[in-house]
Amino acid sequence: NTASNDAKNLRVKLVLLGDSGVGKSCIVLRFVRGQFDPTSKVTIGASFLSQTIALLDSTTVKFEIWDTAGQERYAALAPLYYRGAAVAVIVYDITSQESFHKAQYWVKELQKHGGPDMIMALVGNKADLHERREVSAESGMDYAERNGMFFIETSAKTADNINQLFEEIGKLLPRPAP
Ligand code: GDP
Ligand code: MG
């Protein structure tokens, strides 16, 4: 019936955070448009895109995605985007230890100032550049586990694990009472 169908159509605000250059905008572009543009522009402030997916249990999830700029000068704006977000996706670049440290800074910031029920995912992007890897998958996984986060490595370039990232988040979302 219609009521149970409505309960199966979820809408969720998702914010992407992480150092500039880790591939946040490319992840969103890959997920929403199925494209990878190596000449993509630096994000100014933040940008908004949405995409709906269907899960195997026939739930649909509409992701309202806020893709933030990683630069320090925009850091003060971050709370505008993560406040009220049900999901935070914190991205680092597996070829940059520095970006992994920055990701940990974001995790702490969200633990202090984010909503108590926020779902957090840690994403190690640029997994295609394994020959330049500086952050082991174990380090990412261990950190995520210790902080109650979902963890995945992705490549926006090859599309590896991009849809899986959003599907797994969709599965973690609380379902409204019938
Ligand atoms: P943002 O600042 O976090 O939004 O990063 P961008 O999405 O703008 O990407 C920064 C740079 O990394 C661009 O030159 C992209 O082409 C590149 N990039 C993004 N994702 C990947 C990836 O998965 N693999 C590789 N090899 N390069 C990527
Ligand atoms: Mg960007």
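Bear in mind that the values here come from a model prediction, so they are computed numbers and not experimental data.

Engineer: I'm lost on the confidence of the model for the chain in this one. Help?
Structural biologist: Interpretation of the predicted coordinates at a detailed level should be avoided for regions scoring low in pLDDT. For the chain, the average pLDDT comes to 91, and 94% of its residues sit at 70 or higher. Segment residues 1–5: pLDDT under 50, and 0 contacts once partners within four positions in sequence are set aside and those in other chains are kept. Model confidence for the complex is summarised by a pTM of 0.94, with the ipTM given as 0.99.

Engineer: Could you clarify how one ought to interpret the environment of Gly-148 in this entry?
Structural biologist: Secondary-structure assignment places Gly-148 in the loop between helix H5 (137–146) and strand S6 (150–153). Note on Gly-148: relative accessible area 68%, which makes it exposed. Separated by 29 residues in the primary sequence, Gly-148 and Ile-119 have C-alpha atoms spaced 8.9 Å apart.

Engineer: Looking at this model, I keep getting lost on H5. Mind explaining?
Structural biologist: Side chains three or four residues apart in an α-helix point the same way, a direct result of the helix having 3.6 residues per turn. Inspection of H5 places Gly-140, Tyr-143 and Ala-144 among the buried residues, and these make up the whole buried set. The buried residues of H5 occupy an angular sector of 100° when the element is viewed end-on, so they sit on one face. Exposed side of H5, more than 90 degrees from the buried face: Glu-138, Glu-145 and Arg-146 are the residues found there. Contacts made by the buried residues of H5 are with strand S4 (87–93), helix H4 (97–113), strand S5 (119–125) and S6. Positive backbone phi, approximately 65°, marks Gly-148, located one or two places after H5.

Engineer: How do you make sense of the packing of aromatic side chains when you look at a structure like this?
Structural biologist: Pairs of aromatic rings are described using the distance from one ring centre to the other and the angle between the two planes. Taken as a whole and judged by the stated rule, the model has 8 aromatic pairs. A ring pair is formed by Phe-100 and Tyr-143, whose centres lie 6.2 Å apart and whose planes are at 75°; its orientation type is edge-to-face. Of this pair, Phe-100 sits in helix H4 while Tyr-143 sits in helix H5, and the two are 43 residues apart along the sequence. The buried category is assigned to Phe-100, whose relative accessible area is 6%. For Tyr-143, a relative accessible area of 6% puts it in the buried group. Pairwise contacts between aromatic rings join Phe-31, Phe-63 and Phe-166 into one cluster.

Engineer: Looking at this structure, how should I read the site of ligand 1?
Structural biologist: Taken together, 18 residues lie near ligand 1, and Gly-21, Lys-24, Cys-26, Asp-128 and Ala-156 sit nearest. One nitrogen or oxygen atom from the main chain of Gly-23 is found 3.0 Å from an oxygen atom belonging to ligand 1. A distance of 3.0 Å separates an oxygen atom of ligand 1 from a polar side-chain atom of Lys-126. For ligand 1, whose free accessible area comes to 590 Å², the fraction covered by protein is 84%. The element contributing the most residues to the shell around ligand 1 is helix H2 (residues 24–33), with 3 residues.

Engineer: I'm lost on the nonpolar core in this one. Help?
Structural biologist: The tendency in soluble globular proteins is for nonpolar side chains to be buried side by side. The biggest cluster of nonpolar side chains holds 28 residues, and the ones touching the most others in it are Leu-14, Phe-63, Ile-65, Val-89, Leu-165 and Phe-166. Put simply, the parts of the chain that give this core at least two residues each are strand S1 (9–18), H2, strand S3 (60–68), S4, S5 and helix H6 (162–172). If you tally residues by element for this core, the top one is H2, at 5 residues. Listed in part, the 23 residues of the second largest apolar core include Ala-78, Tyr-82, Leu-110 and Ala-144.

Engineer: Could you clarify how one ought to interpret the pattern of salt bridges in this entry?
Structural biologist: Opposite charge on two side chains makes pairing possible when the charged atoms of those side chains draw close. Evaluation of the coordinates by the stated rule reveals 5 salt bridges. For Glu-153, the salt bridge identified is with Arg-133, shortest N-O distance 2.9 Å. Linking Glu-153 in strand S6 with Arg-133 in the loop between S5 and H5, this pair joins segments that are 20 residues apart in sequence. Note on Arg-133: relative accessible area 32%, which makes it partly exposed.

Engineer: Got a minute to help me understand the sheet that holds strand S2 (residues 46–54) in this structure?
Structural biologist: In space, the 6 strands of this open sheet follow the order S2-S3-S1-S4-S5-S6, with mixed pairing throughout. The open sheet is flanked by S2 and S6, the only strands paired with a single partner. With strand direction ignored, the average angle separating the axes of adjacent strands in the sheet is 25°. The pairing of S5 with S6 spans 4 bridges and is classified as parallel. Counted as the bridge partner of Gly-124 is Glu-153 from S6. Contacts between H4 and the sheet are confined to S1, S4 and S5, with S4 contributing the most and set at about 160° to the helix.

Calculation rules
- Residues numbered from 1 in each chain as written.
- Chains lettered and ligands numbered in written order.
- Predicted model: local features only at pLDDT ≥ 70, side-chain atom pairs only at ≥ 80, totals over all residues.
- Heavy atoms only, no water.
- pLDDT = per-residue confidence, 0-100.
- Contact = heavy atoms within 4.5 Å.
- Helix = DSSP H or I, 4+ residues; strand = E, 2+ residues; numbered from the N terminus.
- Buried < 20%, exposed > 50% of the residue type's maximum accessible area, 1.4 Å probe, protein only.
- Arc of directions from axis to C-beta.
- Phe/Tyr/Trp six-rings, centres within 6.5 Å; stacked < 30°, edge-to-face > 60°.
- Near = heavy atom within 4 Å.
- Polar contact = N/O pair within 3.5 Å; in protein donor to acceptor, adjacent residues only side chain to side chain.
- Areas by Shrake-Rupley, 256 points an atom, 1.4 Å probe, with all protein chains shown as cover.
- Core = buried A, V, L, I, M, F, W, Y, C linked by side-chain atoms within 4.5 Å.
- Salt bridge = Lys/Arg side-chain N within 4 Å of Asp/Glu carboxyl O.
- Pairing = 2+ DSSP bridges.
- Axes fitted to C-alpha atoms, helices over the stretch in contact; angles between N-to-C directions.

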